[in-house]
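# Remarks on the overall topology
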Amino acid sequence: MKALAGFLGAVIGLLLVAGGGYFLLRPKPTSRPPATPTVLQSTSSTSSGASTSDTSSAPHPDKPVSAPLSHEDQMREELGQKRLPFFRFLRQNYGNIIERFSVLEDFDTLDLVIKQDDDRTMAGIIQQAIAPSAKEYGFRRVRFYTRNAPNSVEPFTIVAESSEDGSGRWNTFRK
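Before going into details, it helps to say that this report is about the structure given with it.

Calculation notes
- Residues numbered from 1 in each chain as written.
- Predicted model: local features only at pLDDT ≥ 70, side-chain atom pairs only at ≥ 80, totals over all residues.
- Heavy atoms only, no water.
- Pairing = 2+ DSSP bridges.
- Helix = DSSP H or I, 4+ residues; strand = E, 2+ residues; numbered from the N terminus.
- Expected span 1.5 Å × (residues − 1).
- Bend = angle between axes of the 7 residues up to and from the residue.
- Buried < 20%, exposed > 50% of the residue type's maximum accessible area, 1.4 Å probe, protein only.
- Contact = heavy atoms within 4.5 Å.
- Salt bridge = Lys/Arg side-chain N within 4 Å of Asp/Glu carboxyl O.

### Things to note about the pairing of strand E3 (residues 98-102)
Relative to strand E4 (residues 109-114), E3 runs antiparallel, the two sharing 4 bridges. Looking at E4, one finds that Arg-100 is bridged to Val-113.

Given below as structure tokens:
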């Protein structure tokens with residue numbers, strides 16, 4: 001009798017464990033019925049104005065619809081437009097020294113890729129191009145980069161950073 005009671009206890013225990021496992025692992029019911037695949041038919045207008053059923057090409061709007069810009073992208077775009085005269089000045093007067101320029105991360109930081117990283121070249125750019133008007137265009141810092149070897153993992157190396165101290169002086173620090 002004890003053996004039968006032990007056997008029944010073991011069977012009931014296994015059923016409880018199996019039932020609990022099923023309860024935890026079963027698919028959860030949803031309030032929506034399962035989705036059934038539907039076939040959508042598209043119509044496109046031909047040049048004569050008649051519509052035809054053509055599923056091989058996607059529809060196109062009359063003119064492109066622009067996605068809304070985030071606040072940050074909108075600010076970047078507005079600042080870029082306002083800074084165009086300064087960028088033109090850099091390109092026209094320092095295109096032989098400055099390989100490229102951009103505003104990558106911070107809106108107040110101008111990133112310059114220069115062809116030579118000697119102190120004389122950087123001091124000349126700061127004194128003649130940056131100090132006279134960069135602050136008026138919203139720049140408080142300039143980072144100088146040089147191009148790495150073509151087989152390098154990183155395309156550029158930062159060599160110096162210059163920042164405006166609030167009194168109109170630009171202090172440059174080598175990296």
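Moving on from the model shown.
### Structural notes on helix H2 (residues 71-94)
An ideal rise of 1.5 Å per residue puts 34 Å on 24 residues; H2 measures up with 32 Å between its terminal C-alpha atoms. The principal kink in H2, of about 55°, is found at Arg-83, preceding the proline Pro-85 by one to four residues. Those residues of H2 that fall on the buried side of the exposure criterion are Arg-83, Phe-86, Phe-87, Leu-90 and Tyr-94. Residues of H2 that are buried make contact with E3, E4 and helix H3 (119-133).

### A word on the pattern of salt bridges
Per the counting criterion, the structure on display carries 10 salt bridges. Between Lys-135 and Glu-164 there is a salt bridge whose closest N-O contact spans 3.5 Å. Residue Lys-135 is located in the loop between H3 and strand E5 (141-147), and its partner Glu-164 is located in strand E6 (residues 156-164); the two are separated by 29 residues in the primary sequence. What makes Lys-135 partly exposed here is its relative accessible area of 45%. Salt bridges sharing common partners tie together Asp-106, Arg-141, Glu-161 and Lys-175.

### Some points on the pairing of E4
Of all 6 residues that make up E4, 6 are buried, and the element is covered over most of its length. Where burial is concerned, the two faces of E4 agree: the one with Thr-109, Asp-111 and Val-113 and the one with Leu-110, Leu-112 and Ile-114 are both buried. Remark: 6 residues form the turn of the hairpin made by E3 and E4, two consecutive strands paired antiparallel. With 5 bridges joining them, E4 and E5 adopt parallel strand pairing. Residue pairing across strands places Leu-112 opposite Phe-144, the latter belonging to E5.

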